[in-house]
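# Geometric and topological summary
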Amino acid sequence: MSKIQVLDPITIDKIAAGEVIERPASVVKELVENAIDAGATAVVVEIKDGGISFMRITDNGCGIDREDVRSAFLRHSTSKIRSVDDLLHIGSLGFRGEALSSISAVAQVELITKTKDQTFGTLYRIAGGKEETLEDTGAPDGTTFIIRQLFYNTPARRKFLKTPMTEASHVGDLMTRLALSHPHISFQFINNGQSKLHTSGNGKLKDVIYHIYGREIASNLLQAEYDTPGLKITGFLGKPIISRGNRNFENYYVNGRYARNSIISRAIEDAYKDFTMQHKYPFVVLHIEIDGEHVDVNVHPTKMELRFNNQQEVYNAIYSAVDQGLHEKELIPHVEMPEPKPAVRSTPESKPAVRSTPEPKTVVRSAPEPKTAVRSAPEHNLEYFMSKMKERVLAEHEEKKKKEETVTKQPVNTIQTIAEEKTPYMQNTAVRPQISTQTTAPEPPKQMELFEDHLLTREAMQKYKVVGQVFETYWLVEYDNSLYIIDQHAAHERVLYEKTLKSMQTREFTSQMISPPIVLNLSMREAELLNTYMDRFTRIGFEIEEFGQDSYAVRAVPDNLFSIAKKELLIQMLDSLSDEIARNQSPDLIDEKIASMSCKAAVKGNMKLSVQEVDALIGELLSLDNPYHCPHGRPTIIAMTKRELEKKFKRIV
């Protein structure tokens, strides 16, 4: 058996570094917190290759005296506490005295610092825990740390780092948290020479939120204020319309420190419970000030966990603050309608052009006016496009009508005609090849169904009979001595889900162009997720391209998502992907997530359907492998046999 012996200092430092330094973001966190404790009003963080090869953290704080530089890199050396009693009233972000020692043990560190009363600055280099240089240098007031080759002497640790993009996204998330926690400090984050974040430091929290998250979130905020003896809460609450699919947007800070605590999260989510749907999480930025004797931050070396000795009081206070903020104002969503000016101009010209034959004359009249055409080119192009589109759609209607009159006297599907009148742009050439390929036999033209591309056969029609509809949501169907009650929304969800999955697996899909494109402003982590699964999105019909810094333009979507293609839907897709533990998901899981989004195009309850449409829906539902539940687990159909009915009416005893 081996003898017990004391480890050498270098090995001890490397072991301790493993507790504090997990990745480049850990280094940035420790050094930026030191800068905040030093009274800095401006902090600049620059990284390259995700921070693995290079990090530079510069501040304009008080600096470090020359005689204290060597001591700063010793274990448990700190200027923030002096005795164990100070742990009960910690007012600084750092206090353990382990950061510089841990960083210098696993990286090459260069320190340049100067205090206000010194003439020259100090340059200090240390690598792997061994001092290399200590000399004078020219420097401005403040401190600059340059960290090179993180984990260069611990290859096992370096091997477990992620890609530079992933590590950079962690640093970006950290800088976002720090900027929100200290709005009075100007933060700048530079990644590979590009400025990703730069706040003004004017002390206004709402300005920081606007700078980080944009106008959409900043314009949907409610103020939160709550004050009770020993505890004060201030900040902003997001309206329920900007709820997200994960907890990444729950930002709360205890005495200026970002940390995670289940009590705080539960209080926030419980207060939002009546305002958000299931599996939706709110956007909040809350600053919580609490007496130091009630909170323990010395739980973990990274100081990311907190404990309260008055948990119930903290829960009640946070719940009350959020609940009061949400009830202070009526949260009735405001719907903005697009201005119909171009449509108003185009309709009077396009209607007579359709009704009367001399439509070419109106075009000829406008042609010999090049000056006016140049002035109003967008209007002319729009009017010309609308008139041509209406002419084309009406011509197709007339042709279809003539063919249907000669072939059959069957009435036209109500919902289909409504869809054609409202959205004539969907009847384009990109969709028609899909329909034509599925009609293999040269049959007479038929009306396209709402739910599927083929009609029900007469044999299938004879097997069941639609009795009627109740509550404009549930359909009663008689089939094989049983009464079936079908939820039209859940049934249509299942049909769309399996149809989308099938088209993705067989690559039978069509893309629908959208104009104007949907512009997504993504965080670094969301952008990484999008790039990771870009081929999967492209394969099912999305067309996405870069649109400036951290922005992406969605120019085309799958045809079955066209009617619901909105920014919130695409963000929800990315949120659902980011919730998974493993990034390397199987393709089937990704397909199922995207297919479940197509369910939002399903018909809703209280939406009237014709008998022909319900026939199509039921026939398609009965042909599925699992017609019994919608993709979210709710039943699509329940049954009651004839025998059970007869027992209820006492016809059978």
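Structure: above.
Residues numbered from 1 in each chain as written. Predicted model: local features only at pLDDT ≥ 70, side-chain atom pairs only at ≥ 80, totals over all residues. Heavy atoms only, no water.

## A few points about the environment of D550
To keep it simple, the criterion reads: Helix and strand definitions follow DSSP, with helices as H or I runs of at least four residues and strands as E runs of at least two, each counted in order from the N terminus. When accessible area is computed with a 1.4 Å probe and restricted to protein chains, residues below 20% of their type maximum are described as buried, those above 50% as exposed, and intermediate ones as partly exposed. Residue contacts are counted whenever heavy atoms from the two residues lie within 4.5 Å of one another.
Note that D550 resides in the loop between β20 (543-546) and β21 (551-558). The partly exposed category is assigned to D550, whose relative accessible area is 23%. Taking C-alpha positions, D550 is 6.1 Å from N521, a pair spaced 29 residues apart along the chain. Leave out the neighbours within four places in its chain, and D550 touches K196, L520, N521 and L522.

## Examining the pattern of salt bridges
Heads up, the condition is: By convention in these notes, a salt bridge is any Lys or Arg side-chain nitrogen within 4 Å of a carboxyl oxygen on Asp or Glu.
Inspection of every chain in the model, using the stated rule, returns 12 salt bridges. Taking the shortest distance from any N to any O, the salt bridge between K29 and E33 comes out at 3.1 Å. Of this pair, K29 and E33 are both found in helix α2 (residues 24-37), four residues apart, which corresponds to roughly one turn of the helix. Summarising the burial analysis for this pair, K29 and E33 share the class buried.

## With respect to empty space enclosed by the protein
Threshold: Cavity means a closed set of points on a 1 Å grid over the protein atoms alone, one where a 1.4 Å probe fits but cannot get out, pocket means an open set with protein on both sides within 12 Å along at least 5 of 7 lines, and lining means a residue has an atom within 4 Å of a point. Grid points are joined across faces, edges and corners, and a volume is the space filled by probe spheres set on the points. Note on residue categories: nonpolar means Ala, Val, Leu, Ile, Met, Phe, Trp, Tyr, Cys or Pro, charged means Asp, Glu, Lys or Arg, and polar means any other residue, Gly included.
Tallied over the entire structure, the rule returns four cavities of 30 Å³ or more. Of the pockets and cavities examined, the second largest cavity occupies roughly 50 Å³. Take the lining of the second largest cavity: its biggest share by element is three residues, from helix α21 (residues 567-578). Partitioning the lining of the second largest cavity into residue classes produces eight nonpolar, no polar and no charged.

## As for the environment of A107
Considering the arrangement of structural elements, one finds A107 in the loop between α4 (99-106) and β3 (108-114). Separated by 39 residues in sequence, A107 and I146 place their C-alpha atoms 10.0 Å apart. If sequence neighbours within four positions are ignored, A107 has contacts with I126, A127, G128, I147, R148, Q149, L150 and Y152.

## A closer look at the packing of aromatic side chains
Quick reminder of the rule: Ring pairs are drawn from Phe, Tyr and Trp, using the six-membered ring of Trp, whenever the two centres fall within 6.5 Å, and their geometry is named by plane angle: stacked under 30 degrees, edge-to-face over 60, tilted for the rest. Charge over a ring is defined by NZ of Lys or CZ of Arg lying within 6 Å of the ring centre and within 35 degrees of the ring normal.
In the structure shown here, the tally under the stated rule is seven aromatic pairs. Of the aromatic side chains, those joined through ring pairs into one cluster are F73, Y124 and F145. One residue, K48, lies across the ring of F54, its end atom 5.1 Å from the ring centre.

## Some thoughts on the sheet that holds strand β11 (residues 250-254)
Going by this rule: Think of it this way: DSSP has to see at least two bridges between two strands before they count as a pair.
Spatially, the five strands line up as an open sheet ordered β9-β10-β13-β11-β12, and their pairing is mixed. Of all the strands in the sheet, the pair left with one neighbour each is β9 (221-228) and β12 (257-258). The sheet contact formed by β11 and strand β13 (residues 284-290) spans five bridges and is parallel. Looking across to β13, one finds that N251 is bridged to V285.

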